[in-house]
Amino acid sequence: ALDELQEMMENMRVAQGRGSGGTPGEQSAEDLTETLREQQRLSDEAFQNLQREFNQSQNDQGKSQQGESQQGQSQRGQSGQQQPGNEQADGEKEVGEGRAQNQDEGDLASRQGGLQQQLQDQQNALPQLGGPDGADTNQSLDDARDAMRSAQESLEDGDLAGALGRQSEAMD
C-alpha cells in the first residue's frame, strides 16, 4: 500500500514538471518515503526477534533431549548427572531471556503504533486530490494504516510471524 502511494506521488511530481522545490506534495512524498523506510526497519527487527525465538526454542529442545538422555544414563547407574544448581541457573536465565523478548515485542508494538499515527498525520496533511488518483491514494493509505494496526495488535499478542505478514501488507 505504501509502495503504491509512493509511486503515485512520484508520478504526480513528474507530471507536474517540478523538481525538488519543496512543495507540500513533494514534502508529503518525502515523509511517506521515510515512513516506508521506518516500517522496513521495524519489520527487520521483528524478523530478527522471530529468528531469536526460533533459535531459542531449538536450543531449549536440545537441552530437553540432552536432559532426557542424562536421566536415562542415571537410571542405568552411569554417571553424567547434571548438578542441581545448574538447573536453577538455566531456568533463571531462560526467564530473564523471556522477559527481554517481551520487552522487545512491547517496544516494537509501541513503535508500530507510532508509525500508524505518523501515517495518519501524513494522510491528513496531504493535499486533497480529486478523481481516481485521489481515491486510490486515500484507499492505499487506509489499507496501510489497517495493516499497521493489525501488525501492532500481533506484536502486542507476541505473534511475530503474524506481525511480519501485516507489516509486509503495509509496505505493499
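Model, not experiment: these values are computed from the prediction.

When you look at the packing of helix H4 (residues 131-156) against helix H5 (residues 160-171) in this model, what are you seeing that I'm missing?
How two helices sit against one another is set out by the angle between their axes and by the gap between those axes. Where H4 meets H5, the closest approach of the two axes is 8 Å, and the angle between their N-to-C directions is 165°. Taken as axis vectors, H4 and H5 run roughly antiparallel relative to one another. Along this stretch, H4 crosses H5, giving a crossing that reads as left-handed. Between H4, through Ala144, Ala147, Met148, Ser150, Ala151, Ser154 and Leu155, and H5, the contact on the second element is made entirely by Leu160, Gly162, Ala163, Arg166, Gln167, Glu169 and Ala170. For the contact of H4 with H5, the residue count by class is eight nonpolar, four polar and two charged.

Would you mind going over the confidence of the model for the protein chain with me for this structure?
Atomic detail in the predicted coordinates should be set aside for any region of low pLDDT. Overall, the predicted model of the protein chain reaches an average pLDDT of 79, with 70% of residues at or above 70. Per-element averaging of pLDDT across the protein chain places helix H1 (residues 2-15) at the bottom with 66 and H5 at the top with 95.

I keep staring at the pattern of salt bridges and nothing clicks. Help me out?
For the structure shown, the criterion picks out nine salt bridges. A salt bridge links Arg41 to Glu38; the nearest nitrogen and oxygen atoms lie 2.9 Å apart. Taken together, the residues span about one helical turn, with Arg41 and Glu38 both in helix H2 (residues 24-75) at a distance of three residues. On the basis of relative accessible area, Arg41 is assigned to the partly exposed category, the value being 38%. In this structure Glu38 comes out as partly exposed when scored by relative accessible area, which is 22%.

About the cut-offs
Residues numbered from 1 in each chain as written. Predicted model: local features only at pLDDT ≥ 70, side-chain atom pairs only at ≥ 80, totals over all residues. Heavy atoms only, no water. Axes fitted to C-alpha atoms, helices over the stretch in contact; angles between N-to-C directions. Helix = DSSP H or I, 4+ residues; strand = E, 2+ residues; numbered from the N terminus. Parallel < 35°, antiparallel > 145°, perpendicular 65-115°, else oblique. Left-handed = near helix turned anticlockwise from the far one by under 90°. Contact = heavy atoms within 4.5 Å. Nonpolar A, V, L, I, M, F, W, Y, C, P; charged D, E, K, R; others polar. pLDDT = per-residue confidence, 0-100. Salt bridge = Lys/Arg side-chain N within 4 Å of Asp/Glu carboxyl O. Buried < 20%, exposed > 50% of the residue type's maximum accessible area, 1.4 Å probe, protein only.

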